[in-house]
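A structural walkthrough
Residues per chain, in single letters:
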Amino acid sequence: MALVYTEEQEMVRDSAKGFLAEKASVSVFRKMRDAGDTLGWSRALWVEMAEMGWAGILVEEQYGGLDFGMTGAALILEEMGKNLTTSPFLSSAVMATQVLRGASEAQKQAWLPKMVSGEAVIALALDEGVKHDPASSQLQAEKLGNGYRLNGSKAYIIDGFDADGYLVLARTDGEAGDQDGLSLFLVDAKAKGISTSSTKLLDSRNYAGAKFDNVEVSGGDLIGEAGKGLDALEPALNAGRIGLAAEMLGASAQCFETSMEYLKDRSQFGQKIGSFQGLQHRSAHLYSELELVRSAVIKAGQDFEASAEHSGMIASLAKAKSGEVAILAANEGVQLLGGIGMTDEHDMGLYMKRIRAAQELLGDYAFHAGRFAKWRGF
Amino acid sequence: MADLEQFQQETRDWLEANCPKTMRKPMRTESDACWGGRNFEFKSDDQRNWLKLMGEKGWTAPEWPKEYGGGGLSREQSKILKKEMARISARPPLQSFGIWMLGPALLKFGSEEQKKEYLPPIVRGEIRWCQGYSEPGAGSDLASLQTRCEDKGDHYLVNGQKVWTSYADKADWIFCLVRTNREARKHLGISFVLFDMASKGVSTKPITLISGKSPFCETFFDDVKVPKENLVGTLDRGWDIAKYLLTHEREMIGGSGGSAFASRGLGEVAVSALGADDDGQLSDTALRAKIATAELDGWAFLLTMERAKDEAKAGHGVGARSSMLKYYGTELNKRRFELMMASKGMSALEWEGEASNEGELPRAWLRTKGNSIEGGTSEVQLNIISKRILGLPDPKVV
Ligand SMILES: Cc1cc2nc3c(=O)[nH]c(=O)nc-3n(C[C@H](O)[C@H](O)[C@H](O)COP(=O)(O)OP(=O)(O)OC[C@H]3O[C@@H](n4cnc5c(N)ncnc54)[C@H](O)[C@@H]3O)c2cc1C
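Everything quoted here is computed from the prediction, not taken from an experiment.

Focus: empty space enclosed by the protein
Residue and element names in this part refer to chain A. Evaluated as defined, the whole model comprises four cavities of 30 Å³ or more. Around the largest cavity, the lining comprises 17 residues; the ones closest to its centre are Ser87, Leu90, Asp159, Arg205 and Arg354. Looking at the lining of the largest cavity, the elements that each hand over two or more residues are helix H4 (70-83) and helix H5 (89-100). Residues of the lining of the largest cavity, tallied by class, amount to eight nonpolar, five polar and four charged.

Structural notes on the site of the ligand
Residues in contact with the ligand amount to 18 residues; listed here are only the nearest, Ser134, Ser140, Trp164, Thr377 and Glu379 of chain B. Site remark: the ligand is flanked by residues from chains A and B. Contact distances for the ligand include 2.6 Å between an oxygen atom and a side-chain N or O atom of serine 140 of chain B. Relative to its free-state accessible area of 990 Å², the ligand is covered by the protein chains to the extent of 68%. At the level of elements, strand S3 (155-166) and helix H11 (378-389) of chain B are the ones that each hand at least two residues to the shell around the ligand. A total of three residues in the shell around the ligand trace back to one element, the largest contributor, which is S3 of chain B.

Things to note about the state of the cysteines
Residue and element names in this part refer to chain B. Counting across every chain of the model gives zero disulfides over all chains. We note that cysteine 19 lacks a disulfide partner, and the nearest cysteine sulfur, in cysteine 34, lies 13 Å from it. A relative accessible area of 4% places cysteine 19 in the buried class.

Quick look at the pattern of salt bridges
Per the counting criterion, the structure on display carries 58 salt bridges over all chains. Salt-bridge contacts for aspartate 303 of chain A lead to lysine 299 of chain A; the nearest nitrogen and oxygen are separated by 3.5 Å. With aspartate 303 of chain A and lysine 299 of chain A both in helix H8 (residues 277-306) and four residues apart, this pair spans about one turn of that helix. The partly exposed category is assigned to lysine 299 of chain A, whose relative accessible area is 24%. Among the salt bridges present, the one from lysine 321 of chain A reaches aspartate 297 of chain B, with a minimum N-O distance of 2.5 Å.

Digging into the packing of aromatic side chains
All names here are of chain B. For the structure on display, the rule yields 24 aromatic pairs over all chains. Consider the rings of tryptophan 35 and tryptophan 100, whose centres lie 6.0 Å apart with planes at 80°: the pair is edge-to-face. On the criterion of sequence distance, the pair formed by tryptophan 35 in the loop between helix H1 (2-18) and helix H2 (45-57) and tryptophan 100 in helix H4 (residues 97-109) is long-range, its members being 65 residues apart. For tryptophan 35, a relative accessible area of 15% puts it in the buried group. With a centroid separation of 6.1 Å and 10° between ring planes, the pair formed by phenylalanine 175 and phenylalanine 192 is classed as stacked.

A short note on the nonpolar core
If you look at the biggest cluster of nonpolar residues, it comprises 145 residues, and the most contacted ones within it are Trp54, Phe89, Val94, Leu100, Leu124, Leu167 and Leu233 of chain A. Tallying contributions element by element places helix H7 (residues 229-265) of chain A first for this core, with 17 residues. Once residues within four sequence positions are removed from consideration, leucine 233 of chain A is found in contact with Val99, Leu124, Leu126, Leu169 and Leu184 of chain A. One finds Leu94, Leu142, Ala143 and Tyr167 of chain B within the second-largest nonpolar core, a separate group that totals 39 residues.

Details of the domain arrangement of chain B
Residues and elements named next belong to chain B. Along its sequence, chain B is carved into domain 1 (2-123), domain 2 (129-236) and domain 3 (240-389). Counting residues at the interface gives 12 residues for domain 1 and 13 residues for domain 3. The junction of domain 1 with domain 3 conceals about 1,300 Å² of combined surface from both sides, 65% of it contributed by carbon and sulfur atoms. Per-residue buried area on domain 1 facing domain 3 is highest for Arg75, Met101 and Phe109; these three make up 43% of the total on that side. A salt bridge links arginine 75 to aspartate 310; the nearest nitrogen and oxygen atoms lie 3.2 Å apart. Linking domain 1 to domain 3 there are two residue pairs in polar contact (both at pLDDT 80 or more). Counting residues per element, the ones that place at least two in the side of domain 1 that touches domain 3 are helix H3 (75-87) and H4.

What counts as what
Residue positions are given per chain, counting from 1 as you read along its sequence in written order. Chain A is the first chain written and ligand 1 is the first ligand written, with later ones labelled in order. Two thresholds apply to this predicted model, a pLDDT of at least 70 for residue-level local features and 80 or more for giving and counting side-chain atom pairs, whereas whole-chain, interface and lining totals are computed over all residues. Hydrogen atoms and water are omitted, and side-chain values are computed over all heavy atoms in the structure. Put simply, the grid is 1 Å and covers the protein atoms alone, a cavity is a trapped set of points that fit a 1.4 Å probe, a pocket is an open set with protein on both sides within 12 Å along at least five of seven lines, and lining residues have an atom within 4 Å of a point. Grid points are joined across faces, edges and corners, and a volume is the space filled by probe spheres set on the points. Helix and strand definitions follow DSSP, with helices as H or I runs of at least four residues and strands as E runs of at least two, each counted in order from the N terminus. Just so you know the grouping, Ala, Val, Leu, Ile, Met, Phe, Trp, Tyr, Cys and Pro go in nonpolar, Asp, Glu, Lys and Arg go in charged, and all remaining residues, Gly too, go in polar. Think of it this way: one heavy atom of a residue within 4 Å of a molecule or strand is enough to make that residue near it. Between N or O atoms, a polar contact is any pair within 3.5 Å; within protein, one atom must be a potential hydrogen donor and the other a potential acceptor, and residues adjacent in sequence are included only when both atoms are from side chains. Note on areas: these come from Shrake-Rupley sampling with a 1.4 Å probe, and a residue is covered only by the protein chains present in the view. In plain terms, two cysteine sulfur atoms within 2.5 Å form what is called a disulfide here. Whether a residue is buried, partly exposed or exposed follows from its accessible area with a 1.4 Å probe, protein chains only, as a fraction of its type maximum: under 20%, in between, or over 50%, in that order. We define a salt bridge as a contact between a side-chain nitrogen of Lys or Arg and a carboxyl oxygen of Asp or Glu at a distance within 4 Å. Only rings of Phe, Tyr and Trp enter the pairing, Trp through its six-membered ring, and a pair is recorded when the two centres are within 6.5 Å. The plane angle decides the type: under 30 degrees is stacked, over 60 is edge-to-face, the rest tilted. Buried residues of nine kinds, namely Ala, Val, Leu, Ile, Met, Phe, Trp, Tyr and Cys, make up a nonpolar core once their side-chain atoms join them within 4.5 Å. By the convention used here, residues are in contact when the closest approach between their heavy atoms is within 4.5 Å. The start and end points of each domain follow an automatic or database-based domain assignment. Buried area is understood as the total, over both parts, of accessible area removed when two parts are fitted together, assessed with a 1.4 Å probe.

So this is what it looks like as structure tokens:
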């Protein structure tokens with residue numbers, strides 16, 4: 001398959017561009033940040049995005065979705081990355097809906113239509129420690145008659161504050177670190193025993209910690225097979241990683257564009273600073289790196305569309321590479337702007353902060369490089 | 001789609017039937033490569049036959065038009081051919097500056113007669129070409145070249161010297177940049193001519209490299225007579241051709257660095273040399289991390305080469321992007337060989353003897369150092385990206 005976008009995909013990008021420029025640009029994000037909003041995104045805007053089909057972009061048609069494919073979703077995230085747009089698109093529309101592909105008909109009926117309309121948001125409660133590592137989950141799911149009882153806690157849940165439901169990774173067997181013995185439960189946020197608190201990170205988005213205190217769930221709340229939670233999760237994790245890679249591609253492209261404009265505008269020593277070869281070569285290097293990131297992101301989207309389960313290697317490639325290059329783009333962005341780059345007034349710092357978070361989420365460079373190495377047999 | 005499937009099946013069958021068994025394993029050393037040409041000594045009958053069969057089908061230049069001896073394949077078909085050859089580890093039947101560099105330039109700038117005359121023997125591997133660009137005083141600043149070419153009425157007369165001419169001593173013909181106008185600005189007095197290396201007045205002198213090998217030469221022209229029909233394009237306007245050819249050369253050089261990542265993994269090399277832990281992971285964790293980074297970059301680069309071709313086919317390629325591919329691919333290849341050396345420890349230093357195949361690895365490692373110099377240095381590629389792609393201002397001349 002050619003590594004280029006189809007006309008339909010380009011159309012999705014164009015409409016995202018127009019919509020976000022009008023409704024969810026960086027200045028909107030800045031206002032929200034300044035207001036100290038805990039939700040971190042706007043419900044009204046999310047409903048509008050849902051009306052554009054975004055909330056159901058990966059959902060099968062019989063539940064009201066578009067089933068448009070990962071490449072399209074990645075293009076929307078790339079544009080969101082350029083604009084620093086916040087929304088539950090990544091958490092709920094890209095990842096949670098992906099998990100729900102493996103859910104029972106009853107679970108799908110109960111949640112998907114509401115998610116597609118923008119009414120409900122589901123967050124994935126996976127990690128418990130400071131590094132992404134689902135297999136190390138310790139939250140206990142103890143068998144209780146037909147159902148289970150959940151005890152434990154989760155941390156840094158993306159869009160986990162004020163979510164309507166949680167996909168909780170819990171241990172039904174084995175010990176922390178075991179690949180087997182983990183199970184996924186779909187739990188209503190109103191269930192007794194769940195308490196959440198907002199966690200403020202540097203990117204001013206919505207994260208939460210959650211405590212599960214004797215939360216009772218039924219056997220029907222289990223997704224897929226007991227003990228095989230990581231398998232059920234794999235496609236969603238791949239989708240999330242590709243999504244974050246696309247978002248970082250957008251964010252770094254924006255940092256780069258801003259830097260290039262500045263190099264052509266700012267004069268020192270009687271000439272444009274962009275004429276200094278020392279800066280030119282760094283710029284040309286960063287340009288090259290960004291080209292590699294774009295190739296990896298396109299390929300990852302295509303691989304995901306071909307097989308969500310088997311897209312892990314290229315998803316890891318895309319996540320690792322995009323994160324590393326995004327850090328470079330943000331660092332160069334601040335450096336090339338000089339003092340202005342250090343001010344809160346300039347947007348560059350906002351990008352730097354989001355990039356720092358995005359590259360850490362769902363596995364940082366070392367995590368994905370390690371996975372990639374394993375796939376490559378060393 | 002169905003057509004492509006049929007093409008794939010036919011290709012597979014044809015390769016199965018025609019690719020000699022001994023041509024179905026990776027080349028062990030550089031000396032296994034087939035360069036063709038009038039003076040080439042084939043290593044085996046299989047090597048000769050493989051070239052002949054592929055040349056007849058035009059599959060040494062799969063995407064060139066059939067009328068000039070090429071395969072006439074679409075981009076999709078040519079991808080399939082590549083895949084099918086890789087499936088059985090078929091060796092490339094031919095290495096050729098004619099295919100990588102001169103051909104694309106002739107297809108764009110050559111006259112109909114020139115295409116008919118020069119392209120088919122390139123496809124069949126009958127004529128081997130070398131590149132006469134660089135001179136002692138004209139390296140990165142190629143347009144300052146001084147080799148003179150005078151109009152003598154019924155022929156041109158060429159006098160001057162080239163340097164770093166790869167395989168000049170083995171090549172049959174040369175594509176050469178010459179100065180035809182000394183009054184005009186430097187870019188506007190250059191012409192692109194072709195001539196036989198057997199012409200009277202051409203001589204070559206091999207130069208030994210740090211690898212101990214001598215693949216390139218000083219090349220001297222002393223009153224060399226060149227027929228007038230051997231001028232390509234317009235007199236004094238050879239620079240455009242020269243630059244166009246360079247974009248192909250750069251993609252080729254960058255690409256050959258990158259494509260190494262598609263084959264045997266660096267990690268695999270390291271594991272077999274240094275050992276793995278119980279999980280099958282390379283025991284040297286610092287080296288593992290470095291290799292993982294190089295492999296990630298290698299894969300992302302391979303995808304980028306593929307995308308560049310796909311975009312060019314779809315009509316929105318950028319010529320200057322070859323500079324990015326050249327820059328990144330060669331720097332990557334240098335990194336790859338550094339890691340290869342590290343993975344093999346002391347044995348990587350063996351310079352002679354059978355065990356090391358006469359120092360194949362360290363010599364190849366040293367050769368890669370030239371990747372970021374030949375075809376325009378990394379610094380020059382970064383200059384081109386800055387100017388042509390990023391639109392950054394020219395440095396102020398002080
Ligand atoms: C293995 C190999 C094979 C070759 N084969 C051929 C061949 O077949 N035919 C042929 O014609 N030539 C060939 N060459 C020559 C090659 O194209 C030149 O070596 C190359 O263009 C550099 O020129 P130079 O060696 O004169 O270096 P110089 O141009 O003198 O460069 C010296 C250093 O200065 C830097 N520099 C120069 N200008 C700038 C600038 N504007 N900004 C920043 N830095 C700059 C360079 O990057 C380099 O680091 C080959 C070279 C090698 C190594």
